[in-house]
There are 2 protein chains.
Amino acid sequence: MNKIFFTAGPSQLYPTYQSHFQQAMEENIGSISHRSTFYKEFHQSTVENLKLLMGIPETHTILFFSSANEIWERLIQNCVETGSFHFVNGAFSNRFSQITQELMYPCTIHETEKGKGFTYIPDLIPATTDLINFTHNESSTGVIQPLEAVYEYKRNHPEALITLDIVSSAPFPELDYSLIDGAYFSVQKGMGMPAGLGVLIAGEKLKDRAESILNKGKSIGSYHRFTDMWTKAVNYQTMETPNILSIYLLGKVLGDMLKKGIGEIRRETLLKMEILTEVVNKSPHFSFFVKEKAFRSPTVITIETRDEAALYLKALEDEGLIVGSGYGTLKPNQVRIANFPAHSVSDFEQLARRLSQF
Amino acid sequence: MNKIFFTAGPSQLYPTYQSHFQQAMEENIGSISHRSTFYKEFHQSTVENLKLLMGIPETHTILFFSSANEIWERLIQNCVETGSFHFVNGAFSNRFSQITQELMYPCTIHETEKGKGFTYIPDLIPATTDLINFTHNESSTGVIQPLEAVYEYKRNHPEALITLDIVSSAPFPELDYSLIDGAYFSVQKGMGMPAGLGVLIAGEKLKDRAESILNKGKSIGSYHRFTDMWTKAVNYQTMETPNILSIYLLGKVLGDMLKKGIGEIRRETLLKMEILTEVVNKSPHFSFFVKEKAFRSPTVITIETRDEAALYLKALEDEGLIVGSGYGTLKPNQVRIANFPAHSVSDFEQLARRLSQF
């Protein structure tokens, strides 16, 4: 039986992924040098496709890492001197703040309960803060952070850098990059690829900050310091042998998304969310975990279940519909459903049909 | 035209790589969770196959990273307090020492000229040294480091940890792991896979050292600190979503190598080296860059060319034989030829035939 993975990541592969892999094998992508002209060309193409799809301006450069976990660590090493401020509303935003503490950098946490996002609160952020970290889409709870509040913090703290975790929302959000210094994701979510590549959309200020810290004689890491990475990246090169195959395949998948158009991807995302909403609203079994609509993510949808979540997961799996369980303590009575570009409208219709039968 | 990549890495893919990829797609390896039982099972299988193939004892655990570059950084962060000692005889051993300096840890370098390895010198290593780093196979020059000297340093510095870069020699070397605390490689060399996974064969003492540094209140990094990684690894788990597909495929390729047997792989490696040696010795065009046989690597073979290396590279490429250029300043009159398990005896016969025609 063919399975459809609605898990929040790793998730369903993009429909064209396998055919691009075959093409990659024919072009010897697994064997070529990352210093070759051929490599530089498709690295450039991947970068250009991403910039085009997500409306990324000239001020921002694309840096490749191995995972979002790595990006968390590198952001702290390269951008923090006096204080990292973390908005925490779930397991992943919390993990980022832990990483800051494990690296032994000054860390302030502002926490709200699971299922909620943040609004602008004046005077919340200490003057010592030089990095503010938001999670645009908290994958563990299905909360989307309204962007206006993020921008308001940036406007009121222009000297601080601000980053946005778009791990489980990219490529959906339309961002104002003049107010976002860094946004990052990993490819096993919205890009519909296997895990092993993290992508940082890095504003020039991230690199400038890294340079300034380095110039004060402090370490900002080694092979993945933003200064050297930036110099390589603008020439479509990396510091070390990267995940070449994944960079190639990302470019191809992005190319397909461009053919579809980001407008259509966004429209379909909302349509699929609507299909699910209709079922949930009608069902005595289900309700949304995120009560406030403004905080309800369209890309990772968390649903509370009347009976044990495991029963629903099992019944869905029997029909090849692989849905995620709730995260951590939310596991007993929650299911999580990813709504990524790899999921078609008909995939969601099939899922909705089965859900409506409970 | 089918190409054969004799480049030192990325290199020729293992002959069964693509069919294992197809199997991976059928098993949804790109979509499954790294917390699933299914994942744990093939992670375990990969670890067990590697341990079996390379004769790795119970004292050592397998930790997964994204590259050898990352492993360099992590070794320093997790294992150095008072001094890292680097034996440098080429670009890669030198890069490791640079990484130590970029991380701002105390670093001592003992350098010899390119094309040579190291012998044991009493009283060379300062008493403050807590990590000694050898490159078993310096990919930039084709030098193999005789293991007896490495062991002798360990015997004389039992309190220091000793690591071995086997990036371009694995799985060839037969190591005495009672005298090696860490050995590491990346999969795009001898494993015949695309880049994107680094593997550290970690002795328990690496983890103990990390723990001891952490207990003194110093940072040893975050998501890839050896303490937490070890706890996960013994349960066939990773800290973050890893390169799941690559861990799966490595296990499959290792399984095929096990069927062939490490003895046969070593025998073939030496036979292919012999085939090339015969051509070089007879040819007026070629001579070995590494003059002392004891330092001449069987897995990355560097050959000095009478005329410009570019001419030979071009002529070979015209027949689909992709050979590496010399590294850095050695480029004008050198070619580098990888001799990995993915290269068959008949590949080397074909290469030798063409070389003998010059």
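This write-up is about the structure you can find in this document.

The rules behind each value
- Residues numbered from 1 in each chain as written.
- Chains lettered and ligands numbered in written order.
- Predicted model: local features only at pLDDT ≥ 70, side-chain atom pairs only at ≥ 80, totals over all residues.
- Pairing = 2+ DSSP bridges.
- Helix = DSSP H or I, 4+ residues; strand = E, 2+ residues; numbered from the N terminus.
- Buried ≥ 20, exposed ≤ 12 C-beta atoms within 10 Å, placed from the backbone.
- Contact = placed C-beta atoms within 7 Å.
- Right-handed = clockwise from strand over helix to strand, strands pointing away.
- Axes fitted to C-alpha atoms, helices over the stretch in contact; angles between N-to-C directions.
- Least-squares fit on C-alpha atoms with pLDDT ≥ 70 in both.
- Parallel < 35°, antiparallel > 145°, perpendicular 65-115°, else oblique.

**Quick word on the pairing of strand β4 (residues 107-111) of chain B**
Here comes step 1: In this sheet, β4(B) lies alongside strand β3 (residues 84-88) of chain B in parallel orientation, the contact comprising five bridges. Its bridge partner being in β4(B), S84(B) is matched across the sheet by C107(B).

**Things to note about the environment of Y327(B)**
All names here are of chain B.
Here comes step 1: Checked against the element boundaries, Y327 lands in the loop between β14 (324-325) and β15 (334-338).
Here comes step 2: Judged by local crowding, Y327 falls into the buried class, with 21 C-beta atoms found within 10 Å.
Here comes step 3: Counting along the chain gives 226 residues from Y327 to Q101, while the straight-line C-alpha distance between them is 23 Å.
Here comes step 4: Those residues in contact with Y327 that lie beyond four places of it in its chain are A91 and S140.

**Re the pairing of strand β3 (residues 84-88) of chain A**
Residues and elements named next belong to chain A.
Here comes step 1: Taking burial as the measure, the five residues of β3 include five buried ones, the bulk of the element.
Here comes step 2: Here β3 shows two buried faces, one formed by S84, H86 and V88 and the other by F85 and F87.
Here comes step 3: With helix α4 (residues 91-102) bridging β3 and its parallel neighbour strand β4 (residues 107-111), the resulting β-α-β unit is right-handed.

**What about the sheet that holds strand β14 (residues 324-325) of chain A?**
All names here are of chain A.
Here comes step 1: Sheet architecture is open: four strands sit in the order β11-β12-β15-β14, paired in antiparallel fashion. If you trace the sheet from one side to the other, it starts and ends with β11 (286-288) and β14, each paired once.
Here comes step 2: Relative to the sheet, helix α10 (residues 309-317) contacts β12 (300-305), β14 and β15 (334-338), its axis offset from that of β15 by approximately 40°.

**Concerning the relation of the copies chain A and chain B**
Here comes step 1: Between chain A and chain B, which share one sequence, the superposing operator has a rotation angle of 180° and an axial displacement of 0.0 Å; the RMSD is 0.0 Å. This pairing of chains is accounted for by a two-fold axis. Taking C-alpha positions as reference, the residue of chain A nearest the rotation axis is S66(A), located at 3.1 Å.
Here comes step 2: Here 100% of the contact residues of chain A are again contact residues in chain B; the copies associate through an equivalent surface.

**Here we look at the packing of helix α6 (residues 204-215) of chain A against helix α7 (residues 226-233) of chain A**
Residue and element names in this part refer to chain A.
Here comes step 1: One can describe the packing of α6 onto α7 by two numbers: an axis separation of 8 Å at closest approach and a directional angle of 135°. Taken as axis vectors, α6 and α7 run oblique relative to one another. Together, L206, K207, A210, E211 and L214 of α6 and F226, T227 and W230 of α7 make up the contact between the two elements.

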